[in-house]
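The residues making up each chain are set out below.
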Amino acid sequence: MTMVSDLFAAAQKAFGKAYAPYSKFCVGAAILGDDGKIYNGCNVENVSYPCGTCAEAGAIAAMIAGGSKSISEILILADSRELIKPCGACLQRIAEFAGNDTLIHLANLTGVQQTLKLSDLMPLAFAAQELSR
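None of these values were measured; they are calculated from a predicted model. (Residues numbered from 1 in each chain as written. Predicted model: local features only at pLDDT ≥ 70, side-chain atom pairs only at ≥ 80, totals over all residues. Heavy atoms only, no water.)

A. Focus on the layout of surface pockets. The computed volume of the largest pocket comes to approximately 220 Å³. Together, 14 residues line the largest pocket, and A95, A125, F126, A127 and A128 are the ones closest to its centre. Element by element, the count of residues in the lining of the largest pocket is highest for helix α3 (residues 88-97), at 3 residues. A breakdown of the residues in the lining of the largest pocket according to their chemical character gives 10 nonpolar, 3 polar and 1 charged. By volume, the second largest pocket is sized at about 170 Å³. Around the second largest pocket, the lining residues are S23, F25, V27, N43, V44, E45, N46, Y49, P50, G52, T53 and C54. (1 Å grid on protein atoms, 1.4 Å probe; cavity = no way out; pocket = protein on both sides within 12 Å on 5 of 7 lines; lining within 4 Å. Points joined across faces, edges and corners; volume = space filled by probe spheres on them. Helix = DSSP H or I, 4+ residues; strand = E, 2+ residues; numbered from the N terminus. Nonpolar A, V, L, I, M, F, W, Y, C, P; charged D, E, K, R; others polar.)

Next up, the structure:
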C-alpha cells in the first residue's frame, strides 16, 4: 500500500531535478496512479515563459506514458513560505484524470501541510459531459 510518505519522497526526487533558472521556484509533483504505481514530474522553465511546463503536467504525462489512466492521489511540493497550490491550468489537467474526491496533498520541504479534495480546490471544473448537446 502506498503511503503519503512515498508520494512525498517521489515529489522530493522530482523537485531536485526541476529546471527553474528564471524564477528559481522549483516544484515537484507525484501521482499515485490507478495501477498503484507512483509517477513524478518537475517544472521545466523556458526563456519564453509560456513554453514552460508545470510539475503536475509532467507527472500526468509520465502517468499516461506509464499506462495508468487516472489519478488516485497527487502531492505537490515547493519550497515556499506560502501553501503551494496547483495553478488553474493544472487543476483542470488534474480534473481530467481525477474525481471530485481525489486527494491533493500540498507540501513544502518539511512535509505535507494540507490535504484537500479536488472539489475543494476546483468545485466547478469544466468536464467532458459539458461538451454534449
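B. Molecular detail of the side chain of S80. Here S80 shows up in the loop between β3 (71-78) and α3. At a separation of 2.9 Å, a polar atom in the side chain of S80 contacts the main-chain carbonyl oxygen of E82. (Polar contact = N/O pair within 3.5 Å; in protein donor to acceptor, adjacent residues only side chain to side chain.)

C. Focus on the packing of aromatic side chains. Inspection of the entire model under this criterion finds 1 aromatic pair. Ring centres of Y22 and Y49 lie 6.2 Å apart, and the angle between their planes is 70°; this geometry places the pair in the edge-to-face category. Placement of the pair is Y22 in the loop between α1 (4-15) and β1 (27-33) and Y49 in the loop between β2 (38-42) and α2 (55-65), with a sequence separation of 27 residues. (Phe/Tyr/Trp six-rings, centres within 6.5 Å; stacked < 30°, edge-to-face > 60°.)

D. Highlighting the nonpolar core. Among the nonpolar cores identified, the biggest contains 22 residues, and I31, I71, I74, I76, I94, I104 and L118 are the most heavily contacted of them. Listed by contribution, the elements that provide at least two residues to this core are β1, α2, β3, α3 and β4 (103-108). The contact partners of I71, leaving out residues within four places of it in the chain, are I31, L32, I60, M63, I94, F97, A98 and T102. Membership of the second largest hydrophobic core comes to 10 residues, among which are A10, F15, L77 and A107. (Core = buried A, V, L, I, M, F, W, Y, C linked by side-chain atoms within 4.5 Å. Buried < 20%, exposed > 50% of the residue type's maximum accessible area, 1.4 Å probe, protein only. Contact = heavy atoms within 4.5 Å.)

E. Main features of the side chain of H105. With respect to the helices and strands, the residue H105 is situated in strand β4. In this structure the side chain of H105 is engaged in a polar contact, spanning 2.5 Å, whose partner is the side chain of E73. Setting aside anything within four residues of it in sequence, one finds H105 in contact with V4, L7, E73, I74, L75, I76, V112, Q114 and T115.

F. Structural view of the sheet that holds β2. Strand order in the open sheet formed by 5 strands is β2-β1-β3-β4-β5, and the pairing between neighbours is mixed. With partners counted over all chains shown, the strands left at the sheet margins are β2 and β5 (111-117), one partner each. Along the sheet, successive strands turn relative to each other by an average axial angle of 20°, direction set aside. (Pairing = 2+ DSSP bridges. Axes fitted to C-alpha atoms, helices over the stretch in contact; angles between N-to-C directions.)

G. Quick peek at the pattern of salt bridges. In the structure shown here, the tally under the stated rule is 1 salt bridge. For K117, the salt bridge identified is with D101, shortest N-O distance 3.7 Å. Of this pair, K117 sits in strand β5 while D101 sits in the loop between α3 and β4, and the two are 16 residues apart along the sequence. (Salt bridge = Lys/Arg side-chain N within 4 Å of Asp/Glu carboxyl O.)

Geometry only, nothing functional implied.
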